[in-house]
Amino acid sequence: MSVVAVEGLTKRFGDRTVVDDVSMTIEKGEIVGFLGPNGSGKTTTIRMICGLLTPDAGSGTVLGFDVLKDSREIKRRVGYMTQKFSFYEDLTIEENLDFVARLYELSPRRLYVDRTLDSLGLTSRRAQLAGTLSGGWKQRVALAACIMHEPDLLLLDEPTAGVDPKARREFWDEIHLLAAGGLTVLVSTHYMDEAERCHRINYISYGRLLACGTVDEVVAGAGLATFVARDAPPELVARIAGLPGVSQVAPFGTTLHVVGADLGLLTASLAALTAETGVAFTRGETSLEDVFIQFMSRAEDNMDGAAAKARAKP
Amino acid sequence: MIDFSLSRLWAILAKEMVQMRRDRITFAMMLGVPIMQLLLFGYAINTDPKRLPAAIVAVSQDRYTRAVVTALETTGYFRFEAQPSSLAEADLLIESGAVAFVVTLPADFGTRVERGDHPEILIEADATDPAAASGAIGTLGTVAQRALTREQGQEAEVEARQDKMLSVVVHRRYNPEGISQYNIVPGLLGVILQMTLVMMTGMALTRETERGTMENLLAMPATPMEIMLGKILPFLGVGGVQVVVVLTAAKILFGLPFLGSLTLLISAVLTFVLSLVLMGYFISTFARTQMQAMQLTFFFFLPSLMLSGFMFPFAGMPDWAQAIGECFPLTHFLRIVRAVMLKGAEMPAIAWEMAMLAVFILAYGGIALARFRRTLD
Ligand SMILES: Nc1ncnc2c1ncn2[C@@H]1O[C@H](COP(=O)(O)OP(=O)(O)O)[C@@H](O)[C@H]1O
Ligand SMILES: [Mg+2]
């Protein structure tokens, strides 16, 4: 049975549909990435999954419990790390952990708290106020507090925002260790490199789920063609961008990446350009980032289109 | 199945107490404010003021008149500052607040005393501040009586015992009921408790919302009941400490009488405190920010002060105002505390008021629980 199996989740705030018909399944032990631009509805979706928001439509199960009715049972078995640090800054690290351990009725509490402090390497700083920790440490403490009660599902909402690369690397190593131990993880993120460390990803934009699958599946499913040119003169960028079939042009160091959705049209346009300027294009690999940028600009077009339609209405 | 866990309750309780202890300013305020207010109001509201400005309207200058005036001045209560020649002039003085009393002796005072004719002394008191007037008024009759007997010689004194030589007519103006000053300190206890506790608990939930910790708290398995109890019980303790502080200070500093049973008083005060913290918690389920909680508290605070009988005599208010007044726990608490402390009332006498407090507790607690949002919707 899937750990998370939700269908058609919808959430409206006022007359704005913030999450629109989102379906998602996550299997045991998977690390699933949840990607999308700011304000696309990631946090809202995660909150619905752990019972913090009531969906306006949709149904499903989390850990076998009804996502609409059994939120108390779900809360007991889920670890949720909020986007913003939401432990008590005026309590010490140890007091925060004590609080969590008591709330989950962990026994013997001392053992759980000491073990957690020990694994964090914070035993000597246990009496430090949580508010005085650096961003990276706050995030580690929050993660430790979220997994202290040994949840079956871990929901992480942009856990590595504003954390330095080394701490991020260590964080992800830990997530993989936990998943290897059978924990299921849904993690929202902005970072492409983090997406590539997930078993599967879901991409959401303006509340709609646009793609899901492994990174390779998502890239393949986007149906993009990419060409690479070496040592192309910089003034060519603007011209290429205007060619039919080209949707993205981006310089990467000394190379230029050209991406388009229509392989035939793109090939024809670039062949004509090669004939004229002598710059050679070869097929390159489409990256996840190319795909996401494509998604974003497409979503903007949709929005513009919808806005235009709305304006056209009398 | 009732889902209640002592461990979870204790989690919240312990956390709240640590936070309370760390929040130095709040902590200081909770203990400092009651003492400060008690000292400030207790001493500022002088229970027996002396040397109050007075005017005397006495047309004749016979020896009896002079004897009465001198005797009144030596009590220390009156300081005769004006001798208006007409009643209209005297009226103006008392109306403007220039004097607190106008003592009027009839023109034929001396003659009537000698005739044994019971002349009347009229004393008009500005009773807007009733506490100020009462001491002075109380002494007037006996002082004037004694002055006259002395003036007439010893032999008349025996006679005077049975047959008063004069009568004093008192007109309390502007505030006929005349609350005694002892009303104030017990009332002050209620007001101090209300002010600090409602505001503090009013922020109990909004603080979590504002700091973003609410999301985390709700994501963990705490029930609304556990959260409510965990948040109000520390304040119940704080209220208890405040009560002890205020009552001890009132006893030591103001010699407040303690006629009734202390157990009854303490249980009544704790019931009142519980209703206050629940009211605060109730407010915090409405407020979205701490600022709103504060505003709601004040919105509630002033009418309760005015309509509870703390400031103005309850019985003197129109029916509709009394009806509103009945809706404040403070109103009922004032009746209880005055009855128990000053009149030595027993449980049967205050049972109705206690029941009203219990109704508040159930209503505030029930509504707060029903309103508590388990989700962030
Ligand atoms: N409680 C709320 N009331 C109204 N609008 C909200 C609320 N929470 C989120 N939103 C809006 O919903 C949209 C999606 O927000 P969110 O789920 O936080 O996105 P993300 O986590 O992907 O950045 C945003 O535009 C946000 O402003
Ligand atoms: Mg978010």
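The shown structure was predicted, so the numbers you read here are calculated from the model rather than taken from an experiment. (Residues numbered from 1 in each chain as written. Chains lettered and ligands numbered in written order. Predicted model: local features only at pLDDT ≥ 70, side-chain atom pairs only at ≥ 80, totals over all residues. Heavy atoms only, no water.)

Draft legend 1. Representation of the interface of chain A and chain B within the structure. At the interface, 26 residues of chain A touch 29 residues of chain B. Between chain A and chain B the total buried area reaches about 2700 Å² when both faces are included, carbon and sulfur atoms providing 54% of it. When residues of chain A are sorted by the area they lose upon contact with chain B, R72(A), R102(A) and L103(A) head the list and together hold 25% of the total. The interface formed by chain A and chain B contains six salt bridges. The residue R22(B) makes a salt bridge to E95(A) at a minimum N-O spacing of 2.7 Å. The interface formed by chain A and chain B contains 18 residue pairs in polar contact (both at pLDDT 80 or more). At the level of elements, α2 (71-77) and α3 (93-103) of chain A are the ones that each hand at least two residues to the side of chain A that touches chain B. At five residues, α3(A) tops the list of elements feeding residues into the side of chain A that touches chain B. (Contact = heavy atoms within 4.5 Å. Buried area = accessible area lost by both parts, 1.4 Å probe. Salt bridge = Lys/Arg side-chain N within 4 Å of Asp/Glu carboxyl O. Polar contact = N/O pair within 3.5 Å; in protein donor to acceptor, adjacent residues only side chain to side chain. Helix = DSSP H or I, 4+ residues; strand = E, 2+ residues; numbered from the N terminus.)

Draft legend 2. Main features of the packing of helix α8 (residues 184-202) of chain B against helix α13 (residues 290-307) of chain B. All names here are of chain B. At a closest axis distance of 9 Å, the pairing of α8 and α13 adopts a crossing angle of 160°. Overall, the two elements α8 and α13 adopt an arrangement that is roughly antiparallel. Note that α8 runs across α13; the crossing there is right-handed. Across from V191, Q194, M195, V198, M199 and G202 in α8, the residues of α13 making contact are A293, M294, T297, F298, F300, F301, S304 and L305. Residue composition of the contact of α8 with α13, by class: 10 nonpolar, four polar and no charged. (Axes fitted to C-alpha atoms, helices over the stretch in contact; angles between N-to-C directions. Parallel < 35°, antiparallel > 145°, perpendicular 65-115°, else oblique. Left-handed = near helix turned anticlockwise from the far one by under 90°. Nonpolar A, V, L, I, M, F, W, Y, C, P; charged D, E, K, R; others polar.)

Draft legend 3. Spotlight on a nonpolar patch on the surface. All names here are of chain B. Taken together, I35, L39, I252 and L253 make up a surface patch of nonpolar side chains, about 340 Å² in accessible area. Elements supplying a minimum of two residues to the nonpolar patch: α2 (24-44) and α11 (224-254). Residue placement: I35 occurs in helix α2. (Patch = residues over 30% accessible without salt bridge, like charges linked within 9 Å, V, L, I, M, F, W, Y side chains within 5 Å. Areas by Shrake-Rupley, 256 points an atom, 1.4 Å probe, with all protein chains shown as cover.)

Draft legend 4. Just the UniProt feature "domain: ABC transporter" (unreviewed entry) in chain A, in detail. Per the UniProt record, "domain: ABC transporter" (unreviewed entry) is found at residues 4-231 of chain A. For residues 4-231 of chain A, helix accounts for 35% and strand for 29%, while the C-alpha atoms at its two ends are 48 Å apart. (UniProt positions renumbered as here; feature names shortened; annotations may be inferred.)

Draft legend 5. Examining the packing of aromatic side chains more closely. Per the counting criterion, the structure on display carries 11 aromatic pairs over all chains. On the basis of an interplanar angle of 65° and a centroid distance of 5.1 Å, the ring pair of F282(B) and F286(B) is categorised as edge-to-face. Ring plane angle 75° and centroid distance 5.3 Å describe the contact between F300(B) and F328(B), whose orientation is recorded as edge-to-face. One end of the pair, F300(B), is in helix α13; the other, F328(B), is in the loop between α14 (319-325) and α15 (329-343), and 28 residues separate them in sequence. What makes F300(B) buried here is its relative accessible area of 15%. Clustering of aromatic rings is evident, with ring pairs tying together F282(B), F286(B), F360(B) and Y364(B). One residue, R283(A), lies across the ring of F227(A), its end atom 5.5 Å from the ring centre. Above the ring of F286(B), the side-chain terminus of R371(B) is found at 3.9 Å from the ring centroid. (Phe/Tyr/Trp six-rings, centres within 6.5 Å; stacked < 30°, edge-to-face > 60°. Buried < 20%, exposed > 50% of the residue type's maximum accessible area, 1.4 Å probe, protein only. Lys NZ or Arg CZ within 6 Å of the ring centre and 35° of its normal.)

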